[in-house]
Amino acid sequence: MILTRRRFLAAASALALPRRIWAGTEIDLGQGRQILSLSDGHLELPPAFIFGDMPEAERSAILAAHGLDPAGPLVAPCNVTLLRDGTNTVLFDVGAGPDFQPGAGDLADALAAAGVAPGDVTHVLFTHGHPDHLWGVLDDFDEPMFPQARHLIGGPEAEYWRDPATAETIGAARAAFAAGAKRRLDLLGDLVEPGRRTGRGRLRRGRLRRRESLCRGRHRRRRPAVRRPWPRPHPPFPRALAPPGGDRMKHLLTTAALLAAAPALANDQMTLMLDWFVNPDHGPILVAEELGYFAEAGLDVEIIAPADPSDPPKMVAAGRADLAVAYQPQLHLQVAEGMPLKRVGTLIATPLNCLLVMQDGPVQEIADLKGKKIGFSVAGVEEAVLGQILGQAGLGLGDVELVNVNWSLSPALMAGQVDAVIGAYRNFELNQMEIEGADGRCFYVEEEGLPTYDELIYVANPETMDAGMIQRFLGATEKAAQFIVNHPEDGWKLFSGTAKELQDELNEKAWADTWPRFSVTPAGLDAGRYKRFEAFLHEAGLIAEAKPVSDIAIDLGAE
């Protein structure tokens, strides 16, 4: 339980006052799922705030017709929705907290009455940044009220409230809204995950990720220094218990001195951006960290899960990250566009992409796709891949109807919205469908006329990269990959032990389908593979000219 001044006073007053009964609405959805409406108290708003410039006489008539005092404040309940499904406990917004109006800030007590502790909340979804939706996210000590939860908000929404200019443009009556939202988002920092999409079950596509609280380790130094997209440990001590006054400052200075003397700081600092939040695809990276292989190589690796999967290559190209996990097919296009990137290593050495259909559906062979709907999420490469597959059966893209289903691949297929989807990952979507009670079947792209390729690779900026440091990184992940191949069950325990959210059926099934595909020689380069895929993209018209492999990929060990 988080002790706040409000709760202390409430506890003291409870000795003399009857316990408050918290009213709420509960809907039982079956199968252990519930929706609860919880009270955060109420707001008192001046009529002009709601009705704006409406003439007073007209406004008064409306209020009087509904039995409301035209002169008095409008009292609006402030409610918060809670979803429980037996695994996740999700809050949609967090109420106003105690700092907005005296009648609000009761959510913590309402949760307690419902038997929910702050640490039980797994996800917080902010619909928007108004005070009655966002301001309750911090406790009285400016610590996260829900320390184990993933905090999710739309990317444009977060950018709007974090922009200092918002306070100047939103209007004087709401300037405090902007200041309060910015303050809270700034205090939360990277605990907030902006702009995540749902999908790939996907640990990869909405995976919040991590694990998606992003309560990352702001209070405790880790070795290696990893920014994890999953819940951070509790701080060493709550602020309320920290040594007071000068003793506290002495404690902090002593701690800082000890940390500064730690030998791990002598390691080289490296920043690695994942393609999305952590999932079984990233097994060698996490296992290398857990087994201390990065530290043995003299590296402190900061692992960052991006808000947008298109960001990592851009960050590397701009010199803001040392390495990124990326996709070989996309790398060819990025190099063609002039981005300073090269493949320096391999993580997943086989394709994962497949054309997914229902096992007992109308598509039993590629020729059956004629006249059918095919869902996709990314234009360009996926269309070229699909065109190659269809061509094996004498069909073309004009013989099918393409439907953009965003990242909702397997749900769209299971719902009958499409007859097939391209871009599904064989190690995730098939397992996701099986768990949902639907059997799927993959047409593997490398068996349907497409040149084989490396699904996940490491890319660096050849103009700025530290080749020696990258070689040490690849050596550490090679040791981890070999450990996993030799001891897959132990590898799973190490990997899943890094975050509770990884310990579920989907991740365990995905791990079993993924670990055999890890490259055990990540630095090694199959130049012919890259040459053939470059030629395929050129023939498909996606690149203007076929570049030499040396412009796309490099074997650092051979240099």
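Q: I tried to follow the overall build of the protein on my own but got confused; where do I start?
A: Summing up its helical and strand segments, the protein has 20 helices and 17 strands in all. When burial is assessed residue by residue, the protein has 47% of its 559 residues classed as buried. Per element, the accessible surface of the protein, about 25,000 Å² overall, is 53% carbon and sulfur.

Q: Can you walk me through the packing of helix α6 (residues 155-162) against helix α8 (residues 175-188) in this structure?
A: A pair of packed helices is characterised by two quantities: the angle between their axes and the separation of those axes. Between α6 and α8, the least distance of the axes is 8 Å, while the angle of their chain directions is 110°. Accordingly, the angle class assigned to the pair α6 and α8 is roughly perpendicular. Between α6 and α8, the contacting residues are A158, W161 and R162 on the first element and F177, A178, A181, K182, L185 and D186 on the second. Taken together, the residues of the contact of α6 with α8 sort by class into six nonpolar, no polar and three charged.

Q: Can you help me understand the environment of Q471 in this one?
A: Examined against the element boundaries, Q471 turns out to sit in helix α17 (residues 467-486). Judged by relative accessible area, Q471 falls into the partly exposed class, the value being 36%. Separated by 51 residues in the primary sequence, Q471 and P522 have C-alpha atoms spaced 9.8 Å apart. Beyond its immediate sequence surroundings of up to four residues, Q471 is in contact with L556 and G557. Among the polar contacts listed, one links the side chain of Q471 to the backbone oxygen of L556, at a separation of 3.4 Å.

Q: Help me understand the state of the cysteines in this model?
A: Linking two cysteines covalently via their sulfur atoms produces the bond known as a disulfide. Counted according to the given criterion, the structure contains one disulfide. With its sulfur 2.1 Å from that of its partner, C354 forms a disulfide with C442. Separated by 88 residues along the polypeptide, C354 in strand β12 (residues 353-358) and C442 in strand β16 (residues 440-444) bring together distant segments of the chain. C354 gets classed as buried once you look at its relative accessible area, which sits at 0%.

Q: Would you mind going over the packing of aromatic side chains with me for this structure?
A: Each aromatic ring pair is characterised by the separation of its centres together with the angle its planes make. The full count for this structure, using the stated rule, is 11 aromatic pairs. Measuring from ring centre to ring centre gives 5.2 Å for Y458 and F473, while their planes differ by 85°; the resulting arrangement is edge-to-face. In this pair, Y458 is assigned in strand β17 (residues 456-460) and F473 in helix α17, connecting sequence segments 15 residues apart. Accessibility assignment for this pair places Y458 and F473 in one class, buried. The rings of W492, F495, W511 and F518 are connected pair by pair, giving a single aromatic cluster. The ring of W135 carries R184 above its face, with NZ or CZ at 4.3 Å from the centroid.

Q: Which parts of the structure should I look at to understand the sheet that holds β17?
A: Picture the strands of a sheet paired through backbone hydrogen bonds; they go either parallel or antiparallel. Spatially, β9-β8-β10-β17-β11 is the arrangement adopted by the five strands of the open sheet, whose pairing is mixed. Strands at the two margins of the open sheet, each flanked by one partner only, are β9 (299-304) and β11 (342-348). Here the average twist between neighbouring strands, direction ignored, is 30°. Bridge count for strand β8 (residues 268-273) against β9 is six bridges, and the pairing is parallel. What sits directly across from D268, in β9, is L299. Against the sheet, helix α13 (residues 328-336) contacts β10 (323-327), β11 and β17, and its axis sits at roughly 105° relative to β10.

Q: I'm lost on the pairing of β8 in this one. Help?
A: For β8 and β10, the ladder comprises two bridges, and the chain directions are parallel. By the bridge assignment for β10, L272 is matched with L323.

Q: I tried to follow the confidence of the model for the protein on my own but got confused; where do I start?
A: Averaged over all residues, the pLDDT of the protein equals 81, while 82% of them reach at least 70. Long-range and interchain partners of residues 1-23, a stretch whose pLDDT sits below 50, account for 31 contacts in this model, where long-range means more than four residues apart. With pLDDT under 50 throughout, residues 196-265 is counted as low confidence; its partners more than four residues away or in other chains account for 213 contacts.

Q: What exactly am I supposed to notice about the packing of helix α10 (residues 283-290) against helix α18 (residues 488-496) here?
A: Across the interface, α10 lies against α18 with an axial gap of 9 Å and an inter-helix angle of 80°. Between α10 and α18, the crossing angle belongs to the class labelled roughly perpendicular. Along the contact surface, α10 presents G283, L286, V287 and E290, while α18 presents G491, L494 and F495. In the contact of α10 with α18, the residues fall into four nonpolar, two polar and one charged.

Q: Honestly, the sheet that holds strand β15 (residues 420-425) in this entry has me stumped. Any pointers?
A: Spatial strand order, β14-β13-β15-β12-β16: five strands in an open sheet with mixed pairing. The outermost strands of the open sheet, each flanked by one partner alone, are β14 (401-404) and β16. Going across the sheet, the axis of each strand differs from the next one's by a mean of 35°, ignoring polarity. Bridging between strand β13 (residues 373-376) and β14 involves four bridges; their strand directions are parallel. When the bridges of β14 are listed, I374 appears paired with L402. Strand contacts of helix α14 (residues 381-391): β12, β13, β14 and β15, with the helix running at about 120° to β15, the strand carrying the most contacts.

Definitions and cut-offs
Residues numbered from 1 in each chain as written. Predicted model: local features only at pLDDT ≥ 70, side-chain atom pairs only at ≥ 80, totals over all residues. Heavy atoms only, no water. Helix = DSSP H or I, 4+ residues; strand = E, 2+ residues; numbered from the N terminus. Buried < 20%, exposed > 50% of the residue type's maximum accessible area, 1.4 Å probe, protein only. Areas by Shrake-Rupley, 256 points an atom, 1.4 Å probe, with all protein chains shown as cover. Axes fitted to C-alpha atoms, helices over the stretch in contact; angles between N-to-C directions. Parallel < 35°, antiparallel > 145°, perpendicular 65-115°, else oblique. Contact = heavy atoms within 4.5 Å. Nonpolar A, V, L, I, M, F, W, Y, C, P; charged D, E, K, R; others polar. Polar contact = N/O pair within 3.5 Å; in protein donor to acceptor, adjacent residues only side chain to side chain. Disulfide = S-S within 2.5 Å. Phe/Tyr/Trp six-rings, centres within 6.5 Å; stacked < 30°, edge-to-face > 60°. Lys NZ or Arg CZ within 6 Å of the ring centre and 35° of its normal. Pairing = 2+ DSSP bridges. pLDDT = per-residue confidence, 0-100.

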